[in-house]
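The lines below spell out each chain.
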Amino acid sequence: MDLGIFEKKVLKKLLEIPSGKVSTYKLLAIAVKNPKAVRAVGNALHKNLDAPRVPCHRIVKSDGGLGGYGGGQTKKIKLLESEGVKVKNGRVLDFEKIIFRFK
DNA sequence: ACGACGGCCCTCG
DNA sequence: ACGAGGGCCGTCG
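Values in this document were obtained by computation on a predicted structure and should not be read as measured data.

Enquirer: Quick question: what am I supposed to make of the packing of helix α1 (residues 5-14) against helix α3 (residues 38-47) here?
Expert: Where α1 meets α3, the axes come as close as 9 Å, and the angle between the chain directions of the two elements is 75°. With respect to their mutual orientation, α1 and α3 come out roughly perpendicular. The segment α1 lies against α3, with F6, E7, V10 and L14 engaging A40, V41, N43, A44, L45 and K47. In the contact of α1 with α3, the residues fall into seven nonpolar, one polar and two charged.

In structure tokens, the structure reads:
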């Protein structure tokens, strides 16, 4: 089962996200030139086979929420905090400051 | 080819 | 400020 071309792009963009920072589904959608395909993007991350290989855990919701995670948000939080991203109550602290915008 | 699902986003009440 | 509903996109069975 090969990943769709869309997911491929998404994963590639994910690799551009530096450690200690996070991005949003929407920004990703925009990065792939499909601002409305935010759901498809989420799908891509969910189907992502290379769990830690791809920083899918660095993706949060537009409002700074953790969003979801294929292995459980708990693990996601753990990973994020491991990179220096503080999470509180399912919410990223200083979200607006550590967010990475695909330039 | 069709229908359903998904780690969502936005607007309206 | 909170809750509910609708909409869009791609991939899988």
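Picking up after the structure, the text goes on.
Enquirer: It is not clear to me how the pattern of salt bridges should be interpreted in this structure. Could you clarify?
Expert: Tallying each qualifying case throughout the model produces three salt bridges. When the shortest N-O distance is used, the salt bridge between E16 and K13 registers 3.9 Å. Judged by its relative accessible area of 23%, K13 falls in the partly exposed class. The salt bridge partner of D63 is R91, with a shortest N-O separation of 3.1 Å. One end of the pair, D63, is in the loop between β2 (59-60) and α4 (73-82); the other, R91, is in the loop between α4 and α5 (95-98), and 28 residues separate them in sequence. Relative accessible area serves as the criterion here: at 38%, R91 is assigned to the partly exposed category.

Enquirer: Sorry if this is basic, but what is going on with the packing of aromatic side chains here?
Expert: Note on aromatic pairs: each is described by the distance of the centres and the angle between the planes. Scanning the entire structure with this criterion turns up one aromatic pair. Centre to centre, the rings of F100 and F102 are 5.4 Å apart; their planes meet at 80°, and the pair counts as edge-to-face. Neither residue differs from the other here; F100 and F102 are each classed as buried.

Enquirer: How do you make sense of the protein's contact with DNA strand B when you look at a structure like this?
Expert: By nearness alone, 16 residues border DNA strand B, and K26, L45, H46, C56 and S62 come closest of all. The sugar-phosphate share of atoms of DNA strand B within 4 Å of the protein amounts to 44%. Measuring from a base nitrogen of DNA strand B, one finds a side-chain N or O atom of R39 at 2.9 Å. Between C56 and DNA strand B, the recorded distance is 2.7 Å, taken from a backbone N or O atom to a base nitrogen. Residue assignment for the surface near DNA strand B shows that the elements contributing at least two residues are α2 (25-31) and α3.

Enquirer: Explain the nonpolar core here, please?
Expert: Taken as a class, soluble globular proteins show a tendency for nonpolar side chains to be buried jointly. In this structure, V10 and L14 are the most contacted members of the largest nonpolar core, which totals 29 residues. Within the residue set of this core, elements represented by two or more residues are α1, α2, α3, β2 and α5. In terms of residue count, the dominant contributor to this core is α2 (five residues). If near-sequence neighbours (up to four positions away) are discounted, L14 is found in contact with L28, L45, V54, P55, C56 and I59.

Enquirer: So what exactly am I meant to see when it comes to the protein's contact with DNA strand C here?
Expert: Lining the immediate surroundings of DNA strand C are 13 residues, of which G4, R39, A40, N43 and K47 lie closest. Protein-proximal atoms of DNA strand C, defined as those within 4 Å of the protein, fall in sugar or phosphate at a share of 58%. R39 is positioned such that a nitrogen or oxygen atom in its side chain is 2.9 Å from a base oxygen of DNA strand C. Within the side chain of K47, a nitrogen or oxygen atom sits 3.4 Å from a sugar or linking oxygen of DNA strand C. Elements represented by at least two residues in the surface near DNA strand C include exactly α1 and α3. Per-element tally for the surface near DNA strand C: the top contributor is α3, with four residues. Looking at side-chain class alone, the surface near DNA strand C contains five nonpolar, three polar and five charged residues.

What counts, and at which threshold
Residues numbered from 1 in each chain as written. Chains lettered and ligands numbered in written order. Predicted model: local features only at pLDDT ≥ 70, side-chain atom pairs only at ≥ 80, totals over all residues. Heavy atoms only, no water. Axes fitted to C-alpha atoms, helices over the stretch in contact; angles between N-to-C directions. Helix = DSSP H or I, 4+ residues; strand = E, 2+ residues; numbered from the N terminus. Parallel < 35°, antiparallel > 145°, perpendicular 65-115°, else oblique. Contact = heavy atoms within 4.5 Å. Nonpolar A, V, L, I, M, F, W, Y, C, P; charged D, E, K, R; others polar. Salt bridge = Lys/Arg side-chain N within 4 Å of Asp/Glu carboxyl O. Buried < 20%, exposed > 50% of the residue type's maximum accessible area, 1.4 Å probe, protein only. Phe/Tyr/Trp six-rings, centres within 6.5 Å; stacked < 30°, edge-to-face > 60°. Near = heavy atom within 4 Å. Polar contact = N/O pair within 3.5 Å; in protein donor to acceptor, adjacent residues only side chain to side chain. Core = buried A, V, L, I, M, F, W, Y, C linked by side-chain atoms within 4.5 Å.

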